[in-house]
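Notes for the structure review
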Amino acid sequence: MASAVRDLELDLDAFEGPFDLLLTLVLKEQLEPAEIDIAAIVVAFVEHLTATDKIDLDACGEFLVLVAALLEIKARQLFPDEGAELSELEPEEAAEELARRLAEYRRMKEAAGWLRERLAEERDRYFRLGPAPLAPRAERRLAAQDPTLLAAALAGLAEPPPKVSLSHMALRFPPVAQFLERFRAVLRRRTVFDFDGEVAGLSRVEQAVAFLALLELRKSGEVALAQAAPFAPIRVTRPEKERIQQWTVRSA
Amino acid sequence: MDRPLRLISRDSIAESPIDSLARTIEGLLVVASQPLTVEQLADATEDDVERIETALGLLAERYREGRSGIVLERAAGGYAFRAAREAAEACSRLFERPVERGLSQAALETLAIVAYTGPVSRPEIARIRGVAADSTVASLVERGLIAEAGREAGPGGAVRYRATPLFERVFGLDSLAELPRLDDLGADAEELRERLLEVAGARAS
């Protein structure tokens, strides 16, 4: 509880009573800050802390702020000249800022006190607590409908949908197999031929398919390929005899 | 003709229509878990505001301390039923008051700051109290006594908080305007400031 700080009972040479009262007396100049043993206040608070099991961080924070304010007031009184020279803040500014903060805090403390009293007065007011009941949802109302419209809508669903055109996917080039047959036929007549010469006059796409067919034949060992230099004509020859036989046996 | 003779039929009892309206309002207030405003009652009963207020006057007379175990009260800008104070002791044996149970001094101070200066952000609360306010604010939000109310201006502005209607209800206020003014305390602060300035002035010279 933060009230632990204010209710802290002090037993000092100059003052005896709660910490709260001490602060008030200092601020009203009814007590000389110079006479207050601040170390003793700190000791009292630490003793109070050790007496309780739990450390209340809020209370500690509040205590630090209040003791720091007290220390500042005391220091300013004890060393007025040095204080004026050392501080970057003008004493008036510092005092005003301190007073403003303390006053603001005191007002809120008073307000908190009023709230506490009010709570005690209202302790015997019992009422129902709960979330607000849900508001009814506006009902959706349909105008009178014509049943033939429903039938028409269903009839539309019953019709088969138009066929999807696949025309754009049609093959626009001959199959690889066509070129496989063509090259095999050429090789049956001749032992060697020139690829470029064979496909001359065909379209670009047809030439590409023909090249794939050639690679197929090479892969299966039906042809041997040779090229003297990059972009030179590709020379296609029959491979050695036994390999053809092997292939023939395998494919049979 | 052996039917019993009825001298007065039910329908012939003269009844002011305001009584009927009062009964409807009574029903609405029993169902509500939060105070209902005159406007809400007018909407629900499809009646006009003046007649609602007249009917509420009738109900306030009927449901008052000493006459009824249920009391009609003005709270948080509306009207609500609560238990009569004489029932409080019995209520306390059966019901908890979780909203205000164990409100610490720090929580009450934070609550005061939000109620008086809200909408106000956490950094602002911390500046006034001189202590970080995060956990206190979170606990007050959880209790439903304060709620988020937008953000401070500018990008990345801190969330601001305000007191809720539940706060008003718990503290028995019709609105935040019923909080006591802190003017007299302000005068005290002014006096305090004068004294501090005198001291500072004396030391500086």
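Residues numbered from 1 in each chain as written. Chains lettered and ligands numbered in written order. Predicted model: local features only at pLDDT ≥ 70, side-chain atom pairs only at ≥ 80, totals over all residues.

1. Concerning the overall build of chain B
To keep things clear, this is the line we draw: For helices the rule is a DSSP run of H or I covering at least 4 residues; for strands it is a run of E covering at least 2, with both sets numbered from the N terminus onward. We call a residue exposed when 12 or fewer other C-beta atoms sit within 10 Å of its C-beta, buried when the count reaches 20 or more, and partly exposed for counts in between; the C-beta positions come from the backbone.
Of regular secondary structure, chain B possesses nine helices and five strands. Starting at the N terminus and walking to the C terminus, you meet the elements of chain B as α-α-α-β-β-α-α-β-α-α-β-β-α-α. Residues counted as buried form 28% of the 205 residues belonging to chain B.

2. What to know about the overall build of chain A
How we decide: Note on contacts: residues are paired as contacts if their backbone-placed C-beta atoms lie within 7 Å.
Per the secondary structure count, chain A includes eleven helices and five strands. Within chain A, the proportion of its 252 residues that are buried is 17%. By sequence separation, contacts in chain A at least 24 residues apart represent 60% of the contacts at least 6 residues apart.

3. Some remarks on helix α3 (residues 49-62) of chain B
Residues and elements named next belong to chain B. Inclusion rule: To estimate how far a helix should reach, multiply one less than its number of residues by 1.5 Å. The directions from the helix axis to the C-beta atoms are what the arc is built from.
Across its 14 residues, α3 extends 20 Å between first and last C-alpha, which sits within 8% of the 20 Å expected from 1.5 Å per residue. For α3, the set of buried residues is I52, A55 and L59. Angular distribution of buried residues about the axis of α3 spans 70°; they occupy a single face of the element. Facing away from the buried side of α3 by over 90 degrees, the exposed positions are E50 and E61. Contact partners of the buried residues in α3: α1 (17-31), α2 (38-45) and β1 (70-75).

4. Details of the packing of helix α3 (residues 38-51) of chain A against helix α4 (residues 57-78) of chain A
For any two helices packed against each other, the geometry is given by the interaxial angle and the distance between the axes. Residues and elements named next belong to chain A. Applied cut-off: Inter-axis angles, ranging from 0 to 180 degrees, are taken between N-to-C directions of lines fitted to C-alpha atoms, where helices are fitted over the stretch in contact. These descriptions rest on fixed angle ranges, namely under 35 degrees for roughly parallel, over 145 for roughly antiparallel, 65 to 115 for roughly perpendicular, and the rest for oblique. The residue classification treats Ala, Val, Leu, Ile, Met, Phe, Trp, Tyr, Cys and Pro as nonpolar and Asp, Glu, Lys and Arg as charged. All others, Gly included, are polar.
With their axes 11 Å apart at the nearest point, α3 and α4 run at an angle of 170° to one another. Between α3 and α4, the angle falls in the class roughly antiparallel. Of the residues in α4, those in contact with I38, I41, V42 and F45 of α3 are F63, V67, L70, L71 and K74. When grouped by side-chain class, the residues that make up the contact of α3 with α4 number eight nonpolar, no polar and one charged.

5. Side note on helix α10 (residues 204-219) of chain A
All names here are of chain A. Taking 1.5 Å per residue as the helical rise, α10 with its 16 residues ought to reach 22 Å, and the 23 Å between its terminal C-alpha atoms agrees with that figure. Among the structural elements, α8 (176-189), α9 (195-199) and β5 (234-237) are those in contact with the buried residues of α10. Positive backbone phi, approximately 80°, marks G221, located one or two places after α10.

6. Quick notes on the nonpolar core
Condition: Working definition: the nonpolar core is a set of buried Ala, Val, Leu, Ile, Met, Phe, Trp, Tyr and Cys residues, joined through C-beta atoms within 7 Å.
In this structure, L111(B), A112(B), V114(B) and I146(B) are the most contacted members of the largest nonpolar core, which totals 45 residues. Elements that contribute at least two residues to this core include exactly α2 (19-27), α3, α4 and α6 (91-121) of chain A together with α5 (105-117), α7 (134-143), β5 (159-163) and α8 (165-170) of chain B. The dominant element in this core, judged by the number of residues it contributes, is α6(A), at nine residues. In terms of nonpolar packing, the next biggest core, distinct from the first, is built from 13 residues, I25(B), A32(B), L41(B) and I52(B) among them.

7. Observations regarding the confidence of the model for chain A
Basically, it comes down to this: Confidence scores here are pLDDT values: one per residue, from the predictor, ranging 0 to 100.
Looking at chain A, pLDDT values average 78 and 84% of them are 70 or higher. Every residue in residues 82-86 of chain A scores below 50 in pLDDT, and together they form five contacts with partners more than four places removed in sequence or on other chains.

8. Let's talk about the sheet that holds strand β3 (residues 120-121) of chain B
Put simply, the rule is: DSSP calls a pair of strands paired once it identifies at least 2 bridges connecting them.
Pairing is antiparallel in the open sheet, where three strands are placed in the order β3-β5-β4 (chain B). Looking at which strands have only one partner, the edges of the open sheet turn out to be β3 and β4 (146-151) of chain B.

9. Some thoughts on the sheet that holds strand β3 (residues 192-194) of chain A
All names here are of chain A. Pairing is antiparallel across the open sheet formed by three strands, whose spatial order is β3-β5-β4. On the outer flanks of this sheet lie β3 and β4 (224-227), each paired with one strand and no other. Each strand axis lies, on average, 25° off the axis of its neighbour in the sheet, ignoring direction. Pairing between β3 and β5: three bridges, direction antiparallel. Paired with D194 across the bridge in β5 is R235.

10. As for the environment of P175(A)
Residues and elements named next belong to chain A. Mapped onto the fold, P175 is located in the loop between α7 (147-158) and α8. When the 11 C-beta atoms within 10 Å are taken as the criterion, P175 is described as exposed. On a C-alpha basis, the gap between P175 and E206 in space is 9.1 Å, while along the polypeptide they are 31 residues apart.

11. Quick word on the pairing of β4(A)
By the bridge criterion, four bridges tie β4(A) to β5(A) in an arrangement that is antiparallel. Within β5(A), the position partnered with A224(A) by the bridge is T237(A).

12. A few points about the pairing of β5(B)
The sheet contact formed by β3(B) and β5(B) spans two bridges and is antiparallel. Across the sheet, S121(B) pairs through a bridge with R160(B), a residue of β5(B).

13. Details of unusual backbone geometry
Despite not being glycine, F231(A) shows a phi value in the positive range, around 70°. Tracing the sequence through the fold places F231(A) in the loop between β4 and β5. You can call F231(A) exposed: it has 7 C-beta atoms within 10 Å. A positive phi angle, near 50°, is found at A76(B), a position not held by glycine. Tracing the chain through its elements places A76(B) in the loop between β1 and β2 (78-83).

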